[in-house]
Amino acid sequence: MTTKASTRKKRSRAKSTAKKEVNGKKTAPLQIQNLPLGKIRPDLEQPRKTFNEDALKQLSESIEKHGVLQPITVRQLNGHYVIVMGERRYRASKLAGKKTVPCIVRTYESNDVLEVQIIENLQRQNVEPTEEAEAIAYLNEKYAPTEIAKRLGRTDNFIRQRLKLAGLIDGFKHFVRNGEMTISLGVGVALFEPEEQQMMLETMGKDFNAHQINRMIKDQTYDLEKASFDVTDKKLVSKAGSCVECPFNAANQGNLFGEGQMVCTKSACFETKKNKSFLNLIEKSKKENILLIPEIQQYWADDENNQLIISQLEKNGLKVYLLDDVEIIENPIEPTIVAVQKEYQHYDYSEDELKAELDEAMQTYKEALEKFNSAKEDGFKNGIVFHPDSFQHKEIFLKIVEKSKNDSTEYSAPLANRKMADCTPEEQIVKINEREIRKKQIENNKQFEEVVQMIRETKYIDTKKTLSKDEMVAFSISLFENNVDYMSQQKYFSKFLGDTSKMTRVEMVENFKKKFKKETFHKLIRYMLTRQVHFGESNHVNNLTNISFYNAIQGYYKSKIAGIEKEYAEKRSKREERMKERITVLEKQIQQLKD
């Protein structure tokens, strides 16, 4: 029988040995020695810089009771010992008040020490991400990413992401270390050169703002799936080559934006290719005598960016037609049930209703396809329509709309269809005001979307406070608008918003808030409870929503429910009795056959 005392004696006499093999050759046995802590020094070049204080304390308590179960590895240097592996155990031993610690003394080539330390640290759990990234970057100077992945038991994608994270400037690494910045966002910032990262850091200010950083990344990266040019084309810009093979394609840097998602992180190159593809489009139009139509309406023709596109087409000798000047027939897209479900996702439609919508969409598609196939017979010509910003384009059939003389005169044409130069000063003022109203609408759309995206990136959903009055108002109106059909609005909620005939939308919300009662909120919830249950093969014993609803209404209509339950129980009892009688007869027949 081995006692704890005998075990300690064996350790103190350092009798344990271990044989190792290096490159197939046996080395001298490695002895475990109890060395004084005073003669051991941490390695100042050790890549691991952070140690969790709570975890160290727990380890020190374990060492007090059981001792150090796994010896640390050290090397001799100038009369003392330097830690190669096991600094955490060394620190915990000091906390535990130990005088010695079991060690294996090994000899290393000076260049090998750091590599051994790095690999040992990277094989631990919960390694601080930026330290991990820097360590992998060091190994990358000697080994390819695939080799590092094999050595560490990691995926190639993981290694490439950490290599990219290593390029993050110190100002951003700080936010990763303290948990404010996610690793994926850090990798996104690391896509840019250090100078660009520094500008992003200074633009953000002192406090970390994930939404602002995400927006800056979005503004400087481009989805190659939506590019106006062929991303496989190696000759579009010969020096840049194909986007598919480009190192600045995120898909080639460890799928930084998702599995296989191609995102360009070199904005200058993307813009060059985009502009070159537009020039090629103009040349194709001239060579094949195909009309090139920008997606610009007459109303917006005076916009500065649109004027640049129009002038570029005119300089290349093309006659400019806008959307108002042509009738367009596009190749229709065949509808699917998935597309219909997505379109009506906020409606409480049954499967039959969705099927009816699909049938209607399919009929419309067939009519549009027939029109597309007979376009040339109806006098339409080949054309190309393109977006004035992205230059994305598609081939279409088009016909120039013939305008009568009266239509072409500046006073008979609708004001929205006339150029600014063709309008009187009074009309120009009207157009300017109308455009400003429209621009404000677009700005408000973008502002609201940006606010919502920012909120979704915060921890708002995890807020532990009870709902505020404003939140209950927002939820009530959201339910009313998006989940209560027109008939139910009239039947149950006819006075929900009150008299709103002379109110703006903002005033309607404020008025609702003033008169808001929790009873209204509860009424909406109860309405939703009755509408969100599932029928068909789902019932009150096999579906979570239905079970919870069934339990909830017991407190209100227990006797009525009991009456219905009784009817079904009686039917079930009679059916089961008949079934038992039938089985008894069959069992007797089986027995007779056996006899």
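Reading the values: rules and limits
- Residues numbered from 1 in each chain as written.
- Predicted model: local features only at pLDDT ≥ 70, side-chain atom pairs only at ≥ 80, totals over all residues.
- Heavy atoms only, no water.
- pLDDT = per-residue confidence, 0-100.
- Contact = heavy atoms within 4.5 Å.
- Axes fitted to C-alpha atoms, helices over the stretch in contact; angles between N-to-C directions.
- Helix = DSSP H or I, 4+ residues; strand = E, 2+ residues; numbered from the N terminus.
- Parallel < 35°, antiparallel > 145°, perpendicular 65-115°, else oblique.
- Left-handed = near helix turned anticlockwise from the far one by under 90°.
- Nonpolar A, V, L, I, M, F, W, Y, C, P; charged D, E, K, R; others polar.
- Patch = residues over 30% accessible without salt bridge, like charges linked within 9 Å, V, L, I, M, F, W, Y side chains within 5 Å.
- Areas by Shrake-Rupley, 256 points an atom, 1.4 Å probe, with all protein chains shown as cover.
- Salt bridge = Lys/Arg side-chain N within 4 Å of Asp/Glu carboxyl O.
- Lys, Arg positive; Asp, Glu negative; His and termini not counted.
- Charge placed at Lys NZ, Arg CZ, Asp CG, Glu CD.
- Phe/Tyr/Trp six-rings, centres within 6.5 Å; stacked < 30°, edge-to-face > 60°.
- Buried < 20%, exposed > 50% of the residue type's maximum accessible area, 1.4 Å probe, protein only.
- Pairing = 2+ DSSP bridges.

A.B. asks: Would you explain the confidence of the model for the chain in this entry?
C.D. replies: Regions with low pLDDT carry predicted coordinates that are not meant to be interpreted in detail. Overall, the prediction assigns the chain a mean pLDDT of 83, with 88% of residues at 70 or greater. Scored below 50 in pLDDT, residues 1-27 makes 23 contacts in the model with residues more than four places away or belonging to other chains. Predicted confidence for residues 405-412 stays below pLDDT 50, and this span has seven contacts to residues more than four positions away or in other chains.

A.B. asks: How should the packing of helix α5 (residues 129-140) against helix α6 (residues 145-152) be read in this particular structure?
C.D. replies: Helix packing for two helices is described by the angle between their axes and how far apart those axes are. One way to put it is that α5 packs onto α6 with a least axis distance of 9 Å and a crossing angle of 120°. For the element pair α5 / α6, the angle class is oblique. Between α5 and α6 the crossing geometry is right-handed. In contact with Ile136, Leu139 and Asn140 of α5, α6 contributes Pro145, Ile148 and Leu152. Of the residues assigned to the contact of α5 with α6, the class counts are five nonpolar, one polar and no charged.

A.B. asks: I'm lost on a negative patch on the surface in this one. Help?
C.D. replies: On the surface, Asp348, Glu351, Asp352, Glu353 and Asp485 cluster together into a negatively charged patch. If you trace the backbone, aspartate 348 turns up in the loop between α14 (337-343) and α15 (351-373).

A.B. asks: When you look at the packing of aromatic side chains in this model, what are you seeing that I'm missing?
C.D. replies: By convention here, two paired aromatic rings are described through the distance between centres and the angle between planes. Applying the stated criterion to the full structure yields 16 aromatic pairs. Consider the rings of phenylalanine 480 and phenylalanine 493, whose centres lie 6.3 Å apart with planes at 80°: the pair is edge-to-face. Remark: phenylalanine 493 occurs in the loop between α19 (486-492) and α20 (505-514) and phenylalanine 480 occurs in helix α18 (residues 469-483); sequence separation between them is 13 residues. On the basis of relative accessible area, phenylalanine 480 is assigned to the buried category, the value being 9%. With centroids separated by 4.1 Å and ring planes inclined at 10°, the aromatic side chains of phenylalanine 480 and phenylalanine 496 adopt a geometry described as stacked. Taken as a pair, phenylalanine 480 in helix α18 and phenylalanine 496 in the loop between α19 and α20 lie far apart in primary sequence, 16 residues in all. The same class applies to phenylalanine 480 as to phenylalanine 496, namely buried. Ring pairing ties together the aromatic residues Phe480, Tyr492, Phe493, Phe496, Phe512, Phe516 and Tyr527, which thus form one cluster.

A.B. asks: What am I meant to see in the sheet that holds strand β14 (residues 393-400) here?
C.D. replies: Adjacent strands of a sheet form backbone hydrogen bonds with each other and so pair up, either parallel or antiparallel. Spatial strand order, β11-β13-β14-β12: four strands in an open sheet with mixed pairing. With partners counted over all chains shown, the strands left at the sheet margins are β11 (291-294) and β12 (326-329), one partner each. Going across the sheet, the axis of each strand differs from the next one's by a mean of 45°, ignoring polarity. Examined bridge by bridge, β11 and strand β13 (residues 381-386) share four bridges and lie parallel to one another.

A.B. asks: Looking at this model, I keep getting lost on a positive patch on the surface. Mind explaining?
C.D. replies: Among the surface-exposed residues, Arg572, Lys574, Arg575 and Arg578 lie close enough to one another that they form a single positively charged patch. In this structure, arginine 575 sits in helix α23 (residues 554-594). The partly exposed category is assigned to arginine 575, whose relative accessible area is 46%.

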